[in-house]
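Examination of the molecular architecture
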Amino acid sequence: MTEEIDRVNELTNFISTKTGVKGLVDAEITEVPRIFHVPSSILSNNRPSDITGLNLTVPIIDLGDRNTSSRNDIVSKIKEAAEKWGFFQVINHGVPLTVLEEIKESVRRFHEEDPVVKNQYIPTDNNKRFVYNNNFDLYHSSPMNWRDSFTCYIAPDPPNPEEIPLACRSAVIEYTKHVMELGAVLFQLLSEALGLDSEILKRMDCLKGLFMICHYYPPCPQPDLTLGISKHTDNSFLTLLLQDQIGGLQVLHEDYWVDVPPVPGALVVNIGDFMQLITNDKFLSVEHRVRANKDGPRISVACFFSSSLSPNSTVYGPIKELLSDENPAKYKDITIPEYTAGYLANIFDEKSYLSNYKI
């Protein structure tokens, strides 16, 4: 009980500073506060001593020839990556390098603004389209994560430009426009990888919702004591992640934590819970996490194809064309807002929230 009171007190003190994790680093702390401590058993990489014969490299797929005779080869690679890894990186994806660099720089710019400026965007109600320091682990019993974040809801109801801070306004608008275009391409390729009509996922409104979470991971004085983000799966159909050159992202593959190394100009793509559900376990939504790092700040930009908590009455279940007597539905039907509410309430629990919907 005393430990819990201490944690609440530490948490209250941390929140009251209104300067986030960056504020701790700016204060030149040399020890990570206990509210961020993660048990060493969880931090373990669990890497095998002998990796002979194990392929522990996240696939990298070149999308450059997708409109040629190579398309079938690309679809085949995406199918294998989505089924076996749930993660892959894409190069020659069509998003200009200048756009990638500007969104990373603008995320850094916002997070390095004066706290007074950033705190204007701390949520006071649920109607804000841009929210600062959305640290979803604040009120959970699990340890805090070593990062600051902002969230921006892009679709189906785009924010007015003036709702987005000037530091990142033009970059957010430009980058998410490209993300929507690339998302349309990826959903086509994934539809074909399922052996279905290339427009089926688009017709199911998988592209309808988009929100972004932009993380700022300050350098950590004791990176072996905490995590940038605890292990989780994504409540999305698909997630597109841009990471800088520092690294730290890991994916759980065959019970091992595998690094997802930064590749210049690449975007990381991962399958979300909704995609695993509608494909009836054909494509996998896998657990991933981010290690804390002495270097930094690390910047990442995650875009989630999901309408999140926005009103959306569409009911999703396993795609009928994928079902048969031999492959019956494995999941109950869901709506996105209902699933998201439960997911957020249990975000860093030990088991995947999707398992609650198994038939």
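Thresholds, definitions, all that
Residues numbered from 1 in each chain as written. Predicted model: local features only at pLDDT ≥ 70, side-chain atom pairs only at ≥ 80, totals over all residues. Heavy atoms only, no water. Pairing = 2+ DSSP bridges. Helix = DSSP H or I, 4+ residues; strand = E, 2+ residues; numbered from the N terminus. Axes fitted to C-alpha atoms, helices over the stretch in contact; angles between N-to-C directions. Contact = heavy atoms within 4.5 Å. Parallel < 35°, antiparallel > 145°, perpendicular 65-115°, else oblique. Nonpolar A, V, L, I, M, F, W, Y, C, P; charged D, E, K, R; others polar. Buried < 20%, exposed > 50% of the residue type's maximum accessible area, 1.4 Å probe, protein only. Core = buried A, V, L, I, M, F, W, Y, C linked by side-chain atoms within 4.5 Å. Salt bridge = Lys/Arg side-chain N within 4 Å of Asp/Glu carboxyl O. 1 Å grid on protein atoms, 1.4 Å probe; cavity = no way out; pocket = protein on both sides within 12 Å on 5 of 7 lines; lining within 4 Å. Points joined across faces, edges and corners; volume = space filled by probe spheres on them. Phe/Tyr/Trp six-rings, centres within 6.5 Å; stacked < 30°, edge-to-face > 60°. UniProt positions renumbered as here; feature names shortened; annotations may be inferred.

The next point concerns the sheet that holds strand β3 (residues 130-132). Strand order in the open sheet formed by 8 strands is β1-β2-β10-β7-β12-β5-β4-β3, and the pairing between neighbours is mixed. Each end of this open sheet is capped by a strand with a single partner; those strands are β1 (60-62) and β3. On average, adjacent strands in this sheet sit at an angle of 20° to one another, irrespective of strand direction. Each of β1, β2 (87-91) and β10 (267-271) is contacted by helix α4 (residues 71-84), which is oriented at about 160° to β1, the strand it contacts most.

Before going further, it helps to spend a moment on the packing of α4 against helix α7 (residues 169-193). Where α4 contacts α7, the two axes come as close as 9 Å, and the packing angle between them is 80°. In terms of axis orientation, α4 runs roughly perpendicular to α7. Between α4 and α7, the residues in contact are R71, I74, V75, I78, K79 and A82 and Q188, L189, L190, E192 and A193, respectively. For the contact of α4 with α7, the per-class residue count stands at 7 nonpolar, 1 polar and 3 charged.

Of the consecutive residues A155 and P156, the connecting peptide bond is found in the cis state with omega at 10°. Position of P156 among the secondary structure elements: in the loop between β4 (148-155) and α7. The omega torsion of the bond from G296 to P297 falls at 10°, within 30 degrees of zero and hence cis. Tracing the backbone through its elements, the reader meets P297 in the loop between β11 (288-291) and β12 (298-305). Its identity as a non-glycine residue notwithstanding, E28 has a phi of 60°, on the positive side. Here E28 is to be found in the loop between α2 (20-26) and α3 (40-43). Here E28 falls in the exposed class, since its relative accessible area comes to 67%. Despite not being glycine, D205 has its phi angle at roughly 65°, a positive value. Looking at the element boundaries, D205 is found in the loop between α8 (200-203) and β5 (210-217).

Among soluble globular proteins, nonpolar side chains are generally buried collectively. Counting residues in hydrophobic clusters, the biggest one holds 94 residues, and the most contacted among them are Y175, L201, M212 and I278. When residues of this core are assigned to their parent elements, the largest contribution, 11 residues, is made by α7.

Further remarks concern the pairing of β2. A large share of β2 lies buried, amounting to 4 of its 5 residues. In terms of strand pairing, β1 meets β2 through 3 bridges, oriented parallel. Within the sheet, the bridge partner assigned to D62 lies in β2 and is I91. Both β2 and β10 contribute to a ladder of 4 bridges, which runs antiparallel. Pairing of Q89 across the sheet is with V268, part of β10.

What follows deals with the pattern of salt bridges. For the coordinates displayed, the defined rule picks out 14 salt bridges. Between R109 and E102 there is a salt bridge whose closest N-O contact spans 2.9 Å. In this structure, E174 and K177 form a salt bridge, with 3.4 Å as the shortest nitrogen-oxygen distance. Here E174 and its partner K177 are both found in helix α7, 3 residues apart, which amounts to about one turn of the helix. Looking at E174, the relative accessible area reads 31%, which means it is partly exposed. Taken together, the shared-partner salt bridges connect K79, E83 and K282 into one network.

For the rest of this paragraph, the subject is empty space enclosed by the protein. In the structure shown here, the tally under the stated rule is 4 cavities of 30 Å³ or more. Around the largest cavity, the lining residues are K231, H232, T233, E287, Y343, N346, I347, D349, K351, S352 and Y353. Of the residues belonging to the lining of the largest cavity, the class tally is 3 nonpolar, 4 polar and 4 charged. Its volume calculated, the second largest cavity comes out at about 50 Å³. If you go around the second largest cavity, the residues you meet are W146, Y217, P218, G228, V290, R291, A292, N293, D295 and R298. Looking at side-chain class alone, the lining of the second largest cavity contains 5 nonpolar, 2 polar and 3 charged residues.

Moving on: the packing of aromatic side chains. The full count for this structure, using the stated rule, is 18 aromatic pairs. Ring geometry for F36 versus W146: centroids 5.1 Å apart, planes at 70°, classification edge-to-face. Of the two residues, F36 is situated in the loop between α2 and α3 and W146 in the loop between β3 and β4; the sequence distance between them amounts to 110 residues. The exposure class of W146 is buried, given its relative accessible area of 1%. An aromatic cluster is built from F237, F274, Y316, Y339, Y343, Y353 and Y357, whose rings are joined through pairwise contacts.

In this numbering, the UniProt entry assigns the feature "domain: Fe2OG dioxygenase" (unreviewed entry) to residues 208-307. What you have in residues 208-307 is 6% helix and 46% strand, and the ends, taken at the C-alpha atoms, are 7 Å apart.

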